[in-house]
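Chain by chain, the residues run as shown.
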Amino acid sequence: MKQLFKEMDTTSESVAPLVMVKVLHMTIPRFAEKGEQGGFQQQDANECWTELMRMMSEFLPGEGSTTSETVRSTFIQQYFGGENTTTLKCSETEEEPETKSIEKWTQLRCHINQDVRYMQLGLTMGLKREHREDFPNPGKERSLRQDVACEQTPSLPDYQLHPFLLQGEGEHQR
């Protein structure tokens, strides 16, 4: 990737990213799979982007910061990453304690359905939801409310547009 950016900086002509594609094929063999007619198989662009981000996070160290409580470990986490606190609470009883967890992410999911007209609404839909889950006792279910609070937002947010209905709202939508 470094070589590709150097080539693009030194010329005003178009640059074919052959070396980068070859390295991508070597490190992630499923992107090198060929179809029946000899051409490369179609791949999901978001999956490719996610793999590139994962690979870059292994090789690009982050800058240390003394102003923040948490020093982010990689460049990718530092500029593209965020942190959520997720709270799960049983909707049916107050006796069960709520559970909290912290999740680091590098991609925000924007849920899309027929009611979403603006990105803010799609992002908000992913932060609160109700779902059913098995109780620790087999055969019993409970209703859980999930609330997600975005504790740390990135400088360069990466959004995944998720064109599906949330669980419980209906079937897959395209």
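Cut-offs and rules
Residues numbered from 1 in each chain as written. Predicted model: local features only at pLDDT ≥ 70, side-chain atom pairs only at ≥ 80, totals over all residues. Heavy atoms only, no water. Helix = DSSP H or I, 4+ residues; strand = E, 2+ residues; numbered from the N terminus. Expected span 1.5 Å × (residues − 1). Buried < 20%, exposed > 50% of the residue type's maximum accessible area, 1.4 Å probe, protein only. Contact = heavy atoms within 4.5 Å. pLDDT = per-residue confidence, 0-100. Core = buried A, V, L, I, M, F, W, Y, C linked by side-chain atoms within 4.5 Å. Salt bridge = Lys/Arg side-chain N within 4 Å of Asp/Glu carboxyl O. Phe/Tyr/Trp six-rings, centres within 6.5 Å; stacked < 30°, edge-to-face > 60°. Lys NZ or Arg CZ within 6 Å of the ring centre and 35° of its normal.

**A look at helix H3 (residues 45-59)**
If you check H3, its first and last C-alpha atoms are 21 Å apart, about what 15 residues at 1.5 Å a residue would give, namely 21 Å. Of all the residues in H3, the buried ones are Cys 48, Glu 51, Leu 52, Met 53, Met 55 and Met 56. Against the buried residues of H3 lie helix H2 (18-27) and helix H4 (75-80).

**Quick notes on the confidence of the model for the chain**
Mean pLDDT for the chain: 80, with 83% of residues reaching 70 or above. Taking the mean pLDDT of every element in the chain, the minimum, 71, falls on strand S4 (residues 128-134) and the maximum, 89, on strand S2 (residues 99-105). Here residues 166-174 is modelled with pLDDT under 50, and outside its nearest four sequence neighbours on either side it reaches 15 contacts, counting other chains as well.

**So, the nonpolar core**
Of all hydrophobic cores here, the largest spans six residues; its members are Leu 24, Ile 28, Phe 31, Cys 48, Leu 52 and Met 55. Counting residues per element, this core draws most heavily on H3, which supplies three residues. Excluding residues that lie within four positions of it along the chain, Phe 31 makes contacts with Leu 24, His 25, Phe 40, Gln 43, Glu 47, Cys 48 and Glu 51.

**Describing the pattern of salt bridges**
Throughout the structure, instances matching the rule amount to six salt bridges. The closest approach of N and O atoms between Glu 83 and Lys 104, which form a salt bridge, is 4.0 Å. Here Glu 83 is found in strand S1 (residues 82-90), whereas its partner Lys 104 is found in strand S2, with 21 residues between them in sequence. Residue class for Glu 83 comes out buried when judged on its relative accessible area of 14%. The residue Arg 145 makes a salt bridge to Asp 147 at a minimum N-O spacing of 3.2 Å. Judged by relative accessible area, Arg 145 falls into the partly exposed class, the value being 36%.

**Some remarks on the packing of aromatic side chains**
Under the definition given, this model contains one aromatic pair. Ring geometry for Phe 75 against Tyr 79: centres 4.8 Å apart, planes inclined by 45 degrees, an arrangement best described as tilted. Taken together, the residues span about one helical turn, with Phe 75 and Tyr 79 both in helix H4 at a distance of four residues. When the ring centre of Phe 40 is taken as origin, the NZ or CZ atom of Lys 34, which lies over that ring, is 4.9 Å away.

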